[in-house]
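# Examination of the molecular architecture
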Amino acid sequence: MPFNRWTWLALCLALAPAAHASSQLALDKGCMGCHGNPPQKKAPTFAQLAVDYARHANDPGADVRLAEQLRARHVFGSIRAHETLTPDSALTLVRWIIHGAP
Ligand code: HEC
């Protein structure tokens with residue numbers, strides 16, 4: 001199939017619901033309480049995190065590593081919302097952030 005505007009349209013239609021599902025997940029998990037706009041408790045916004053995490057986009061395995069780190073991290077003074085994530089949810093959310101979040 002030639003890569004024309006219909007390919008783009010198909011791609012956008014295919015990817016939009018996935019991105020929407022992830023931002024809904026962030027909302028459901030209470031992430032927006034701190035990472036929303038305006039951010040609370042000295043948390044970076046997801047847009048800021050996305051800028052930082054973009055450097056991992058071409059690093060295979062980074063998503064898994066970052067998701068584990070997020071769930072395990074007590075360095076930040078125990079953030080329950082991070083630590084109570086399931087491995088699946090953490091991975092979905094980290095991938096969402098790596099690919100630009102909001
Ligand atoms: C109680 C407030 C709070 C909530 C709720 C919260 N976070 Fe955070 N989060 C923080 C703070 C504060 C930091 C920054 C810690 C630092 O860099 O010192 C952070 C950092 C992060 C980071 C960066 C970690 C890194 O690699 O440096 C990610 C990713 C993240 N949060 C994702 C989430 C997700 C996903 C949720 C929802 C499940 C969530 N956070 C809920 C406060 C919160």
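At a minimum axis separation of 8 Å, helix 4 (residues 62-72) and helix 6 (residues 87-98) run at an interaxial angle of 120 degrees. One way to sum up the angle between helix 4 and helix 6 is to call them oblique. In the crossing of helix 4 with helix 6, the sense of the turn from one axis to the other is right-handed. Contacts between helix 4 and helix 6 pair Asp63, Val64, Leu66, Ala67, Leu70 and Arg71 from the former with Pro87, Ala90, Leu91, Val94, Arg95 and Ile98 from the latter. Among the residues making up the contact of helix 4 with helix 6, the classes are represented as 9 nonpolar, no polar and 3 charged.

It is the contact of helix 3 (residues 46-53) with helix 6, at a shortest axis distance of 7 Å, that shows an interaxial angle of 80 degrees. Classified by the angle their axes make, helix 3 and helix 6 are roughly perpendicular. Across from Phe46, Leu49, Ala50 and Tyr53 in helix 3, the residues of helix 6 making contact are Val94, Trp96, Ile97 and Ile98. Each residue belonging to the contact of helix 3 with helix 6 can be placed in one class, and the counts come to 8 nonpolar, no polar and no charged.

What counts and how
Residues numbered from 1 in each chain as written. Predicted model: local features only at pLDDT ≥ 70, side-chain atom pairs only at ≥ 80, totals over all residues. Heavy atoms only, no water. Axes fitted to C-alpha atoms, helices over the stretch in contact; angles between N-to-C directions. Helix = DSSP H or I, 4+ residues; strand = E, 2+ residues; numbered from the N terminus. Parallel < 35°, antiparallel > 145°, perpendicular 65-115°, else oblique. Left-handed = near helix turned anticlockwise from the far one by under 90°. Contact = heavy atoms within 4.5 Å. Nonpolar A, V, L, I, M, F, W, Y, C, P; charged D, E, K, R; others polar.

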